[in-house]
Amino acid sequence: MMDYFLHESAYIDEGCEIGKGTRIWHFSHILTGSGIGENCNIGQNVVIGPDVIIGNLCKIQNNVSVYKGVTLEDGVFCGPSMVFTNIYNPRAEIRKMDQVRPTLVKKGATIGANSTIICGLTLGRYCFIGAGAVVNNNVLDYALIVGNPARQIGWACECGERLPDDLECLACGKKYEKSEDGLELVSF
């Protein structure tokens, strides 16, 4: 008995683990060796794997491919049609799967629609990547990133709102201070 939802047009290869309460929608494919946590929502036409790890409470919108080498921690949002890469300099005529560069997306990160994440990077906790950004460098915790090439324009709260200069969220009241890795939550 499955304790997750699988649309009749979706397909899961053998050797995958799917967490309780996860929903996998139309025309999606989960490849061998991949694991998806609990209460995730996998949109239409999503491909995951092989050998990909996705945490709990992740939301992967329509038309996203999460390739080998990508790890999503808990609570990651992948907007519609955003792109992960896994080989830095691919060629159709040369097999390079031994050159996969791992990408880590940390807890609570948001990746906007149509963004591209170049392989081999770490996206920090609760960072916010704006729609259409092309990210080619590591991203700090809570950083707000936009553009092509992507650049930091500010900071984002855990609730998703842009933080003012004093780093106290006007929407939820959480307070932050700068740290070596970006920002750190100090009170809420």
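1. Concerning the overall build of the chain
From N to C terminus, the chain includes 0 helices and 24 strands. With the C-alpha coordinates of the chain rotated into their principal frame, the extents come out at 50 × 45 × 25 Å. With 188 residues in all, the chain has 41% of them scored as buried. Of all intrachain contacts in the chain linking residues separated by at least 6 positions in sequence, the fraction that spans at least 24 positions is 16%. By element, 47% of the accessible surface of the chain is carried by carbon and sulfur atoms, the whole surface being about 10,000 Å². Between the averaged position of the 16 positive side-chain charges in the chain and that of its 21 negative side-chain charges there is a distance of 5 Å.

2. Concerning the nonpolar core
Ile48, Ile60, Leu72, Phe84 and Val135 are the most contacted members of the largest nonpolar core, which totals 46 residues. Among the elements of the structure, strand E12 (70–72) and strand E21 (143–146) are those that each provide at least two residues to this core. Beyond its immediate sequence surroundings of up to four residues, Val135 is in contact with Thr116, Ile117, Ile118, Leu121, Leu123, Ile129, Ile145 and Ala150.

3. Comments concerning the sheet that holds strand E15 (residues 103–105)
Read from one edge of the open sheet, 6 strands run E3-E6-E9-E12-E15-E18, paired in parallel fashion. Edge positions in the sheet fall to strand E3 (17–18) and strand E18 (122–123), since each has one partner strand and no second. Looking at chain direction, strand E9 (residues 53–54) and E12 are connected through 2 bridges and run parallel. Bridging from a neighbouring strand, Ile54 pairs with Leu72 of E12.

4. Concerning the environment of Ala143
For Ala143, the location among the structural elements is in strand E21. Between the alpha carbons of Ala143 and Ala171 there is a distance of 17 Å; along the sequence they are 28 residues apart. Setting aside residues up to four positions removed in sequence, Ala143 forms contacts with Cys127, Phe128, Gln152, Gly154 and Trp155.

5. Details of the sheet that holds strand E1 (residues 5–6)
What the 9 strands build is an open sheet, ordered E1-E4-E7-E10-E13-E16-E19-E21-E22; its pairing is mixed. Looking at the sheet topology across the chains shown, the edges are occupied by E1 and strand E22 (151–155). Relative to strand E16 (residues 110–111), strand E13 (residues 77–78) runs parallel, the two being bridged by 2 bridges. Considered in E16, the bridge of Cys78 is made with Ile111.

6. With respect to the environment of Ile18
Among the structural elements, Ile18 can be located in strand E3. On the accessibility criterion, Ile18 (14% relative accessible area) is buried. Among all residues touching Ile18, those that are not within four sequence positions of it are Asp3, Tyr4, Ile12, Ile24, Ile30 and Ile36.

7. A few points about the side chain of Lys96
Along the polypeptide, Lys96 turns up in the loop between strand E14 (83–84) and E15. The charged side chain of Lys96 is buried without a salt bridge, its nearest counter-charge being Asp98 at 8.3 Å. A polar contact of 2.8 Å, which involves the side chain of Lys96, links it to the backbone oxygen of Asn89. Apart from residues no more than four positions distant in its own chain, Lys96 is found in contact with Ile87, Asn89, Pro90 and Arg91.

8. Let's talk about the confidence of the model for the chain
Low pLDDT means the predicted coordinates in that region are not meant to be read closely. Summarising the model, the chain shows a mean pLDDT of 97, and 100% of its residues fall at 70 or more. E13 holds the highest mean pLDDT among the elements of the chain, 99, whereas strand E24 (residues 182–187) holds the lowest, 96.

Parameters at a glance
- Residues numbered from 1 in each chain as written.
- Predicted model: local features only at pLDDT ≥ 70, side-chain atom pairs only at ≥ 80, totals over all residues.
- Heavy atoms only, no water.
- Helix = DSSP H or I, 4+ residues; strand = E, 2+ residues; numbered from the N terminus.
- Buried < 20%, exposed > 50% of the residue type's maximum accessible area, 1.4 Å probe, protein only.
- Contact = heavy atoms within 4.5 Å.
- Areas by Shrake-Rupley, 256 points an atom, 1.4 Å probe, with all protein chains shown as cover.
- Lys, Arg positive; Asp, Glu negative; His and termini not counted.
- Charge placed at Lys NZ, Arg CZ, Asp CG, Glu CD.
- Core = buried A, V, L, I, M, F, W, Y, C linked by side-chain atoms within 4.5 Å.
- Pairing = 2+ DSSP bridges.
- Salt bridge = Lys/Arg side-chain N within 4 Å of Asp/Glu carboxyl O.
- Polar contact = N/O pair within 3.5 Å; in protein donor to acceptor, adjacent residues only side chain to side chain.
- pLDDT = per-residue confidence, 0-100.

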